[in-house]
Amino acid sequence: MSDAPVVTGAMGSRGIETMQLHEILTIHLRIDKPQLLCDPSKMQRSSCEIQGGEFRGERLQGQVLPGGSLYLVPQGDDLVRVSLYYTLFTDHGVNIEVVGEGLLAGHETDRAPLTDSRFTCSKQFSVPSGAHDHLQRNLYVGRVSIKSGDDSLRVSIFQVNDR
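Note that this is a predicted model, so its numbers are computed, not measured.

## Let's talk about the nonpolar core
- Among the nonpolar cores identified, the biggest contains 31 residues, and L25, I27, L29, Y86, L88 and I157 are the most heavily contacted of them.
- Looking at this core, the elements with two or more residues in it are strand 2 (15-31), strand 4 (46-57), strand 6 (68-76), strand 7 (79-90), strand 8 (95-105), strand 9 (117-126), strand 10 (139-146) and strand 11 (152-161).
- Sequence-distant contacts of I157, defined by excluding residues within four places in its chain, comprise H22, E23, I24, L25, I27, Y86, K123, F125, Y140, V141 and G142.

Below you can see the structure in the form of structure tokens.
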């Protein structure tokens, strides 16, 4: 896992502020083929089922439970909203619910859904009180990589640190 700097601040009395991104988790999601919920040429959505997977990070590892979902919702000619919903099951028996929301923009939407693409999304975790409740107290972003002809997504999750 690595730290990667990113400049995201507004001009303050001391200049531009920076934030650091620290990779905390890598997730491999297995998905089925996208199912059209309606006609995408008419700006209608499609979806995939998340069939499982695995994850590994600094503090936790385990399996992705089957039954999650990926939704693709056209927002206009050059924009598709992507929503991911899935559950992580840690090696210690803890369920962690994950929600990711992002946008697939520009040339990525000119191709069929789920071809070679990469997009960034926000991430939110829901966890029971205990060892992993720190996941609910921080801000996270994710980078999702999709490979053409592959039935999986690679999700790298980064914690945003403002110091």
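## Describing the pairing of strand 5 (residues 61-64)
- In this structure, strand 4 lies alongside strand 5, joined through 4 bridges in antiparallel fashion. Paired with E54 across the bridge in strand 5 is Q63.
- Linking two consecutive strands that pair antiparallel, namely strand 4 and strand 5, is a turn of 3 residues.
- Where strand 5 lies against strand 7, 3 bridges are found, and the strand directions are antiparallel. Each residue of the ladder has a partner; that of Q63, found in strand 7, is F89.

Calculation criteria
Residues numbered from 1 in each chain as written. Predicted model: local features only at pLDDT ≥ 70, side-chain atom pairs only at ≥ 80, totals over all residues. Heavy atoms only, no water. Core = buried A, V, L, I, M, F, W, Y, C linked by side-chain atoms within 4.5 Å. Buried < 20%, exposed > 50% of the residue type's maximum accessible area, 1.4 Å probe, protein only. Helix = DSSP H or I, 4+ residues; strand = E, 2+ residues; numbered from the N terminus. Contact = heavy atoms within 4.5 Å. Pairing = 2+ DSSP bridges.

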